[in-house]
Amino acid sequence: TDDTQEHLDRFCAAASRATGLNVVGTHTDNYEGLVAALEERTIDIAWLPPLVALQGIRRGLMLPLAIPVRHGSATFRAVLFARCGSRIRSASELIGCRAAWVDRESASGYAVIRAALRHKGVDFDLAFAEQRYLRSHHAVVEAVLEGRADVGATYVCYGIRGSIRAAGWSDVAEDAQFHVVAESEPIPNDLLAMGIGTSVLQAEALQRALMDDAPGNDAAEE
């Protein structure tokens with residue numbers, strides 16, 4: 001999207017200023033393409049969701065570089081949510097629902113919350129009459145908000161006292177418009193990873209820039 005491109009351009013410009021390197025951003029159509037680009041060494045650094053990053057690390061394709069802190073926390077939770085007023089209040093009430101997921105490789109938008117539901121004893125064949133994969137958290141939230149799905153999967157960041165500091169719906173709707181049906185244990189935030197063939201000196205320069213929380217360090221702030 002235009003917003004994503006703008007954020008990427010700002011991050012690359014800030015990283016270039018902080019490191020003295022020429023940091024250029026690029027997009028791929030999916031996570032598989034991003035991992036393949038690292039493996040083929042057409043890119044050096046990738047911003048990846050936790051599950052994809054873990055798989056890549058296990059395959060020896062990449063190494064962790066940094067974990068971003070969002071809303072004061074390095075973790076978040078995957079949640080299954082419904083509209084306020086929905087009959088579905090808990091995992092035990094998931095019978096014949098229409099579910100909206102992000103995609104099968106999304107931690108909060110699919111994999112982790114399904115694992116949490118399975119742990120609670122949810123039978124997916126009975127729980128979900130229809131399942132759709134909508135490719136973004138924004139699309140999932142809109143599907144639930146507009147009544148095209150009964151429940152959806154996204155992320156939530158909680159504050160110290162348990163209040164919601166940010167969620168997948170924060171740019172679309174108010175917290176009061178939804179309630180959480182089920183949630184996972186804490187999950188690490190997305191990971192910035194370097195390909196195995198990346199120059200160590202360049203990677204360390206970027207890592208230092210990202211970890212430096214001195215005032216005016218816009219690379220870390222971005």
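A. The overall build of the protein chain, seen in detail. Broken down by element type, the protein chain carries 8 helices and 10 strands. Compactness check: the protein chain gives a C-alpha radius of gyration of 19 Å against a globular reference of 17 Å for 222 residues, within 12% of the reference. Dimensions of the protein chain, computed from C-alpha atoms along their principal axes, come out at roughly 55 × 35 × 30 Å. Of the roughly 12,100 Å² that the protein chain leaves accessible, carbon and sulfur atoms contribute 49%.

B. Region of the structure containing the side chain of N189. Assignment of secondary structure puts N189 in the loop between β9 (187–188) and β10 (191–195). Relative accessible area serves as the criterion here: at 2%, N189 is assigned to the buried category. A polar atom in the side chain of N189 sits 2.8 Å from the backbone oxygen of P68. Among the polar contacts made by the side chain of N189, one reaches the main-chain carbonyl oxygen of S73 at a distance of 3.0 Å. Aside from chain neighbours lying at most four places away, what touches N189 is P50, I67, P68, V69, R70, S73, A74, T75 and F76.

C. Layout of the packing of aromatic side chains. A full pass over the atoms with the stated rule returns 8 aromatic pairs. These aromatic residues form a ring-pair network of at least three members: W101, Y110, F124, F128 and Y133. Stacked on the ring of W101, the Lys or Arg R114 has its end atom at 5.2 Å from the ring centre. A cation over a ring is seen here: R114 above F124, with NZ or CZ 4.2 Å from the ring centre.

D. Broad picture of the pairing of strand β6 (residues 151–158). Of all 8 residues that make up β6, 6 are buried, and the element is covered over most of its length. Where strand β3 (residues 75–83) lies against β6, 6 bridges are found, and the strand directions are antiparallel. Across the sheet, residue A78 finds its bridge partner in β6, namely Y155. Where strand β4 (residues 97–101) and β6 come together, 2 bridges link them in parallel fashion. What sits directly across from A100, in β6, is G152. Hairpin connection of β6 to strand β7 (residues 164–167): 5 residues between the antiparallel strands, including G162 at a positive phi of 90°.

E. Here's a closer look at the pattern of salt bridges. Applying the stated rule across the entire model yields 7 salt bridges. Linking E6 and R10 is a salt bridge whose minimum nitrogen-to-oxygen distance equals 4.0 Å. Of this pair, E6 and R10 both sit in helix α1 (residues 2–19), 4 residues apart, which is roughly one turn of the helix. We classify E6 as partly exposed; its relative accessible area is 43%. Residues R135 and D103 are paired through a salt bridge, measuring 3.7 Å at the closest nitrogen-oxygen approach. Residue R135 is found in the loop between β5 (128–133) and α6 (137–145), and its partner D103 is found in the loop between β4 and α4 (107–119); the two are separated by 32 residues along the sequence. Judged by its relative accessible area of 9%, D103 falls in the buried class.

F. Quick look at the nonpolar core. Ranked by size, the top nonpolar core spans 25 residues in total, and within it L80, L94, W101, I113, L117, F128 and V151 carry the most contacts. Elements with a contribution of two residues or more to this core: β3, β4, α4, α5 (124–127), β6 and β8 (178–183). Membership of the second largest hydrophobic core comes to 16 residues, among which are A100, V141, A173 and F178.

G. The arrangement of helix α7 (residues 200–211) in detail. An ideal rise of 1.5 Å per residue puts 16 Å on 12 residues; α7 measures up with 16 Å between its terminal C-alpha atoms. Buried within α7 are the following residues: A203, A205, L206, A209 and L210. Buried residues of α7 fall within an arc of 160° about the axis and therefore sit on the same side. Away from the buried face of α7 by more than 90 degrees, exposed residues V200, L201, R208 and M211 are located.

H. Local environment of the sheet that holds strand β2 (residues 62–66). Pairing is antiparallel across the open sheet formed by 3 strands, whose spatial order is β1-β10-β2. For this open sheet the edge positions go to β1 (45–48) and β2, each flanked by a neighbour on one side alone. Recorded for the sheet is a direction-independent mean angle of 40° between the axes of neighbouring strands. This element, helix α3 (residues 50–58), spans β1, β2 and β10 of the sheet and lies at about 135° to β2.

Procedures and definitions
All chains use their own residue numbering, which begins from 1 and follows the written sequence. Residues qualify for local features only when their pLDDT is at least 70, as the model is predicted, and side-chain atom pairs are given and counted only at 80 or more; totals for whole chains, interfaces and linings, by contrast, use all residues. Working from all heavy atoms in the structure, the side-chain values ignore hydrogens and water. A run of DSSP states H or I qualifies as a helix once it reaches four residues; a run of E qualifies as a strand once it reaches two. Both are numbered from the N-terminal end. Just to be clear, the radius of gyration here is over C-alpha atoms, and the globule rule we use is 2.2 Å times residues to the power 0.38. The method behind every accessible area is Shrake-Rupley, applied with a 1.4 Å probe, and residues are considered shielded solely by the protein chains displayed. Remark: exposure states derive from per-residue accessible area (1.4 Å probe, protein chains only) relative to the maximum for the residue type, with buried under 20%, exposed over 50%, and partly exposed in between. Identification of polar contacts relies on pairs of N or O atoms within 3.5 Å, with a donor-acceptor requirement for protein atoms, meaning one able to donate a hydrogen and the other able to accept it, and with residues adjacent in sequence counted only if both atoms are side-chain atoms. Whether two residues are in contact is decided by their heavy atoms, any of which lying within 4.5 Å being enough. Pairs were defined over the aromatic rings of Phe, Tyr and Trp, the Trp ring being its six-membered one, requiring ring centres within 6.5 Å. Orientation was assigned from the angle between planes: stacked under 30 degrees, edge-to-face over 60, tilted for the rest. Only lysine NZ and arginine CZ atoms are considered, and such an atom sits over a ring when it is within 6 Å of the ring centre and within 35 degrees of the ring normal. Being paired, for any two strands, means DSSP has found at least two bridges between them. Every case where a carboxyl oxygen of Asp or Glu lies within 4 Å of a side-chain nitrogen of Lys or Arg is listed as a salt bridge. Among buried residues, those of type Ala, Val, Leu, Ile, Met, Phe, Trp, Tyr and Cys that are joined through side-chain atoms within 4.5 Å constitute a nonpolar core. One less than the residue count of a helix, multiplied by 1.5 Å, gives the span that helix is expected to have. Throughout, the arc means that of the directions going from the helix axis to the C-beta atoms. Here the axes come from fitting lines to C-alpha atoms, over the contacting stretch only for helices, and the angles between their N-to-C directions go from 0 to 180 degrees.

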